[in-house]
Amino acid sequence: MTALMVREREILENYVPGLLDYLDNTPLLDLESRDSDAIAKFKEFGGTSLIVPKDLGGKGASALDAVRAQRAIGSRSPSLGAATTMHHLSVASLIEFAKGATDADRALVAALVEQNAVIASGFSEGTPGGSVFIPTMKAKRVGDNYVVNGSKKPCSLSKSMDLLMASVEVEGVGEKDGERAVALIPAGLEGVAVTKFWDTPILAGSESDEVDLHDVEVPADLVMLNSDDDPDGIHEMTGYLWFGMLISANYLGGATILLEKMLAADKGDYEGYTRAAAEIEASVAAIESVARAVDEGERGQDISARLMFCRIAIRDALVRASSIAMESLGGIGFIKSPEIGYLAGALQAFAFHPPSRRSISETLTKYHGGDDFAFVK
């Protein structure tokens with residue numbers, strides 16, 4: 001056992017006992033395949049309630065502990081880490097909406113926790129030339145229901161989801177027509193369909209296919225209008241804080257596998273190892289500083305912008321670390337271990353999670369210049 005990841009592994013085992021043993025004893029490429037049962041095991045061992053407060057029946061992990069646990073998951077299966085990040089994003093958003101809500105709303109959250117429900121994320125659907133934060137799904141109020149149409153692709157957890165939490169644009173609500181809302185959509189409703197979308201073998205275990213909704217009737221009490229439940233956008237920002245922290249931790253975990261391989265190879269390239277490890281450890285420190293701030297109660301513009309700057313820096317750090325590791329492990333290592341090439345490709349996917357560097361750069365620059373920061377303006 002190396003000194004790598006000791007703390008993170010202990011935290012994961014403490015919150016989700018049994019999962020780590022399963023991950024340790026399953027080959028990486030099996031965990032990463034379309035046929036992986038890692039998500040089912042995550043649910044079986046109780047990982048779905050990791051960040052849910054204890055008063056709602058959850059495990060009550062702090063942001064810092066969640067980041068460390070997610071790095072441990074990513075160090076065994078980046079696919080599972082990516083998929084479960086989307087679950088935690090949905091849960092975090094739901095928890096924010098439940099704060100100060102009615103007893104019935106809180107009871108709904110508690111029931112989902114008790115059921116170990118897996119909640120997929122239907123946020124951030126990209127359109128050419130558009131913003132990933134502007135909904136492409138439409139929801140029309142008809143009587144006691146909203147009729148939802150649209151699709152999310154790719155949508156992680158598409159095979160395993162019990163519910164889909166989606167951002168929608170509403171109509172049929174008078175003066176609030178055109179507003180954004182969040183809909184909690186049971187996966188078993190008529191009109192919900194999943195079709196294959198993800199063709200690459202990289203991160204195939206995240207179940208990132210297309211979820212299509214055609215005239216899906218969602219009870220009105222499962223649709224939360226932003227103007228009523230999140231008028232200042234803080235709940236939405238908080239959800240994306242959790243997403244940014246956990247997705248970063250996942251890929252840093254994936255990069256840690258390469259460090260483990262460098263140690264195991266024992267080729268005497270101490271400088272190469274130290275350079276790669278420094279990129280990863282500095283990035284981990286940056287994300288953990290954000291997590292500590294979240295635990296201390298920070299929310300809103302400043303911490304959201306700081307996290308975006310961290311994510312942009314981490315993107316380049318991952319590229320440098322993986323390049324150093326591959327060079328150090330050498331051509332024979334690359335030829336004999338399919339995992340090395342796989343991990344190098346998987347780490348590149350960190351750049352594809354929204355918002356893109358190109359789309360957010362103007363917003364970040366203007367924020368430092370004195371403008372407000374918001375994902376959608």
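Nothing here was measured: the structure is a model prediction, and the numbers come from that model. (Residues numbered from 1 in each chain as written. Predicted model: local features only at pLDDT ≥ 70, side-chain atom pairs only at ≥ 80, totals over all residues. Heavy atoms only, no water.)

**A look at the overall build of the protein**
So the rule is basically this: Every helix listed is a DSSP run of H or I at least four residues long, and every strand listed is a run of E at least two residues long, numbered separately from the N terminus. Restricting the calculation to C-alpha atoms gives the radius of gyration, and the globule rule supplies 2.2 Å times the number of residues raised to the power 0.38. Note on exposure labels: buried denotes an accessible area under 20% of the residue type's maximum, exposed denotes more than 50%, and partly exposed covers the range between, all computed with a 1.4 Å probe on protein chains only. Where accessible areas are quoted, they stem from the Shrake-Rupley method and a 1.4 Å probe; at the residue level, only the protein chains shown are allowed to cover.
Looking only at helices and strands, the protein has 13 helices and 8 strands in total. Against the compact-globule benchmark of 21 Å for 377 residues, the protein has a radius of gyration of 20 Å, which places it among compact chains. Expressed as lengths along the three principal axes of its C-alpha atoms, the size of the protein is roughly 70 × 45 × 40 Å. A buried classification covers 55% of the 377 residues belonging to the protein. Of the roughly 16000 Å² of accessible surface on the protein, a fraction of 51% belongs to carbon and sulfur atoms.

**A closer look at unusual backbone geometry**
Cis geometry is found at the peptide bond from Lys153 to Pro154, where omega equals -5°. On the secondary structure map, Pro154 appears in strand β3 (residues 145-155). Put simply, Pro354 and Pro355 share a cis peptide bond, and its omega is -5°. The residue Pro355 is located in the loop between α12 (338-348) and α13 (357-368) in this model. The backbone of Asn116 shows a phi angle near 55°, a positive value even though the residue is not glycine. In this structure, Leu157 takes a positive phi of about 70° despite not being glycine. Structurally, Leu157 can be placed in the loop between β3 and β4 (163-171).

**Comments concerning a nonpolar patch on the surface**
Operational definition: Residues qualify for a patch when their relative accessible area is over 30% and they have no salt bridge, like charges being joined within 9 Å and the nonpolar side chains of Val, Leu, Ile, Met, Phe, Trp and Tyr within 5 Å. One speaks of a salt bridge when a side-chain nitrogen belonging to Lys or Arg is within 4 Å of a carboxyl oxygen belonging to Asp or Glu.
On the surface, a nonpolar cluster with roughly 350 Å² of combined accessible area is contributed by Ile332, Phe334 and Ile335. Along the chain, Ile335 turns up in helix α11 (residues 301-336).

**With respect to the environment of Ala72**
Filter applied, for reference: Residue contacts are defined here by distance: any two heavy atoms, one from each residue, within 4.5 Å place the two residues in contact.
Summarising the element assignment, Ala72 is placed in helix α5 (residues 63-74). In this structure Ala72 comes out as buried when scored by relative accessible area, which is 0%. Sequence separation of Ala72 and Gly254 is 182 residues, and the distance between their C-alpha atoms is 8.8 Å. With residues near it in sequence (within four places) discarded, Ala72 still touches Met5, Glu8, Arg9 and Leu12.

**Re the packing of α11 against α12**
Quick reminder of the rule: Angles here are taken between N-to-C directions and fall from 0 to 180 degrees, while the axes themselves are lines fitted to C-alpha atoms, restricted in helices to the stretch in contact. Geometric relationships in this document are graded by angle, where less than 35 degrees denotes roughly parallel, more than 145 denotes roughly antiparallel, 65 to 115 denotes roughly perpendicular, and other angles denote oblique. The handedness criterion is simple: a crossing whose near helix is rotated anticlockwise from the far helix by less than a right angle is left-handed, and one whose near helix is rotated clockwise is right-handed. Gly is put with the polar residues, along with every residue not named as nonpolar or charged; the nonpolar set is Ala, Val, Leu, Ile, Met, Phe, Trp, Tyr, Cys and Pro, and the charged set is Asp, Glu, Lys and Arg.
In the contact formed by α11 and α12, the axes pass within 8 Å of each other and the chain directions differ by 160°. The angle between α11 and α12 places the two elements in the roughly antiparallel class. Relative to α12, the crossing made by α11 is left-handed. From α11, Leu318, Val319, Ser322, Met326, Leu329, Gly333, Phe334 and Lys336 reach across to α12, where they touch Pro338, Ile340, Gly341, Ala344, Leu347 and Gln348. Class assignment for the residues of the contact of α11 with α12 results in 9 nonpolar, 4 polar and 1 charged.

**With respect to the nonpolar core**
For soluble globular proteins, the rule of thumb is that nonpolar side chains tend to be buried together. Note the following rule: Put simply, a nonpolar core is a bunch of buried Ala, Val, Leu, Ile, Met, Phe, Trp, Tyr and Cys residues held in one set by side-chain atoms that sit within 4.5 Å of each other.
Judged by nonpolar contacts, the single largest core of 127 residues is most densely connected at Leu164, Met165, Val168, Ile185, Leu213, Met245 and Phe373. The contacts of Phe373, once residues within four sequence positions are left out, are Met237, Gln301, Ser304, Ala305, Met308, Ile360, Thr363, Leu364 and Tyr367.

**Points about the environment of Lys54**
Looking at where Lys54 falls in the secondary structure, it is placed in the loop between α4 (38-44) and α5. Sequence separation between Lys54 and Ala110 is 56 residues, and the spatial gap between their C-alpha atoms is 9.8 Å. Dropping the residues within four chain positions of it, Lys54 is found in contact with Lys59 and Gly60.

**A short note on the confidence of the model for the protein**
The predicted coordinates ought not to be read in detail in places where the model reports low pLDDT. Rules: One number per residue, pLDDT, summarises how confident the predictor is, and it ranges from 0 to 100.
In this model, the protein carries a mean pLDDT of 90, and residues with pLDDT of at least 70 account for 93%. Model confidence for the protein, summarised as mean pLDDT per element, is weakest for helix α8 (residues 226-229) at 63 and strongest for α5 at 98. Under a pLDDT of 50 for its full length, residues 127-131 has, in the predicted model, 3 contacts with residues more than four places off or in other chains.

**Focus on the pairing of strand β5 (residues 180-186)**
This is how the line gets drawn: Strands were regarded as paired on the criterion that DSSP finds at least two bridges between them.
Of all the 7 residues making up β5, 5 are buried; the element is thus mostly covered by neighbouring parts of the structure. One ladder, built from 7 bridges, connects β4 with β5; its direction is antiparallel. Residue pairing in the sheet places Met165 in a bridge with Leu184 of β5. As paired strands, β5 and strand β8 (residues 223-225) are joined by 3 bridges and run antiparallel to one another. Bridge pairing links Ala183 to Val223 in β8.

**Let's talk about α13**
What counts, and what does not: The span one expects for a helix is its residue count, reduced by one, times 1.5 Å. Note that the arc is computed from the directions linking the helix axis to the C-beta atoms.
Spanning 12 residues, α13 covers 16 Å between terminal C-alpha atoms, matching the ideal 16 Å at 1.5 Å per step. Those residues of α13 not exposed but buried are Ile360, Thr363, Leu364 and Tyr367. Taken down its axis, α13 places every buried residue within 100° of arc, on the same side. Every exposed residue of α13 that faces more than 90 degrees away from the buried side is listed here: Arg358, Glu362 and Thr365. If you follow the buried residues of α13, they end up packed against α11.

**Thoughts on the packing of α5 against helix α6 (residues 78-98)**
The description of two packed helices rests on the angle between their axes and on the distance between the axes. Contact geometry of α5 with α6 gives a least axis separation of 7 Å together with a crossing angle of 145°. Only Pro78, Leu80, Gly81, Thr84, Thr85 and His88 of α6 make contact with α5, whose side of the interface consists of Gln70, Ile73 and Gly74. Partitioned by chemical class, the residues of the contact of α5 with α6 number 3 nonpolar, 6 polar and no charged.

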